[in-house]
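# Coordinate analysis (summary)
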Amino acid sequence: MNRFEQKTVLITGGASGIGFAAAQAFAAEGARVIITGRDAAALETARASLGATALAIRNDASAPGSAAALAASLREAGVRLDALFMNAGIAKFATLSEATEDLWDQTFNTNIKGVFFQLQALDPLLNPGTSIVLNGSINAHIGMPASSIYAASKAALISLAKTLSAELLPRGIRVNVVSPGPISTPIYGKLGLDADTLDKTAAGIKAQIPLGRFGTPQELASTVLHLAAPESAFIVGTEIIVDGGMSQL
């Protein structure tokens, strides 16, 4: 199928994991894909695999100034957008006694402040009917120890989807959330844990998933694709949870 032929899709954090899987899924449907991220080498490697029309732009999703620069680059290239997957984010955990103001600022700057101001900067480039998908998390719904800062940032993101949906709906722009549970992505290697602790943590999480496994980036990407496609036109301000039943059963 070519549901996104002649369409342009922007994916933040698109060089690896869920973002890259989504980029591949959109490219397979005929989209011109634009990916962003902070690692120039990883971006170029990802871009090269996405087809001749793909673009990669180095960008810091946590910095409002960087958001303005991204919008300016797209404007200069004559780009207008038909779908956005706001995927870039960080997941770092600390207990109440261990949490720092720096962790709070880093998490909220990336997971909610950065998203809001990127959307603000990109707003003039959105075509009527654009679909915006935000990457949430089931942590906004469950009481996982040491996740309070991360969970709060994702809860704010889910709220943002509802308020922006109401605000942008007169232009035919929809905003929805896909909230993953445990997905096998490189982010688990960035939690600051040693290998033994990481293995034990993964095993403990897996035991809580009714399906008995972690999800794949491709499974998450298929949900993002659905929320951006014409067949989901009646889905607005909604969160779809993709977690193998972890928060539901």
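Treat the numbers as computed from the prediction; the structure is a model and nothing was measured.

### Side note on the environment of E239
One can find E239 in strand β7 (residues 239-242). Residue classification places E239 among the partly exposed residues on the basis of a relative accessible area of 22%. With 103 residues separating them along the chain, E239 and G136 place their C-alpha atoms 8.3 Å apart. The residues contacting E239, other than those within four sequence positions of it, are S137, H141, I158, V177 and S179. For E239, the side chain forms a polar contact with the side chain of H141, separated by 2.8 Å.

### Focus: the UniProt feature "domain: Ketoreductase" (unreviewed entry) in the protein chain
Mapped onto this numbering, the UniProt entry annotates "domain: Ketoreductase" (unreviewed entry) at residues 7-181. The straight-line gap between the two end C-alpha atoms of residues 7-181 is 29 Å; of that span, 44% is helix and 21% is strand.

### Topic: the pattern of salt bridges
Across all of its chains, the model carries five salt bridges by this definition. With its nearest N and O atoms 2.3 Å apart, the salt bridge here joins R3 to E231. Separated by 228 residues along the polypeptide, R3 in the segment before β1 (8-11) and E231 in the loop between α7 (217-228) and β7 bring together distant segments of the chain. One salt bridge connects R171 with D123, and the closest N-O pair in it is separated by 2.7 Å. Taken as a pair, R171 in the loop between α5 (148-168) and β6 (174-180) and D123 in the loop between α4 (101-122) and β5 (126-135) lie far apart in primary sequence, 48 residues in all. Residue classification places D123 among the partly exposed positions, given a relative accessible area of 24%. Residues joined by salt bridges that share partners form a network here, namely R3, E29 and E231.

### Some words on unusual backbone geometry
Most peptide bonds adopt trans geometry, and most residues besides glycine take a negative phi value. Unusually for a residue other than glycine, Q6 sits at a positive phi of about 70 degrees. Positionally, Q6 belongs in the segment before β1.

### A word on the pairing of β1
Burial of the side chains of β1 extends over both faces: T8 and L10 are buried on one face and V9 and I11 on the other. Bridging between β1 and strand β2 (residues 32-37) involves four bridges; their strand directions are parallel. Bridge assignment links I11 to a residue of β2, and that residue is I35. After leaving β1, the chain enters helix α1 (residues 17-28) and then returns to the sheet as β2, a path that is right-handed. Judged from the three bridges that link them, β1 and strand β4 (residues 81-86) form a sheet pairing that is parallel. Along β4, the bridge assignment pairs V9 with A83.

Scoring rules and cut-offs
- Residues numbered from 1 in each chain as written.
- Predicted model: local features only at pLDDT ≥ 70, side-chain atom pairs only at ≥ 80, totals over all residues.
- Heavy atoms only, no water.
- Helix = DSSP H or I, 4+ residues; strand = E, 2+ residues; numbered from the N terminus.
- Buried < 20%, exposed > 50% of the residue type's maximum accessible area, 1.4 Å probe, protein only.
- Contact = heavy atoms within 4.5 Å.
- Polar contact = N/O pair within 3.5 Å; in protein donor to acceptor, adjacent residues only side chain to side chain.
- UniProt positions renumbered as here; feature names shortened; annotations may be inferred.
- Salt bridge = Lys/Arg side-chain N within 4 Å of Asp/Glu carboxyl O.
- Pairing = 2+ DSSP bridges.
- Right-handed = clockwise from strand over helix to strand, strands pointing away.

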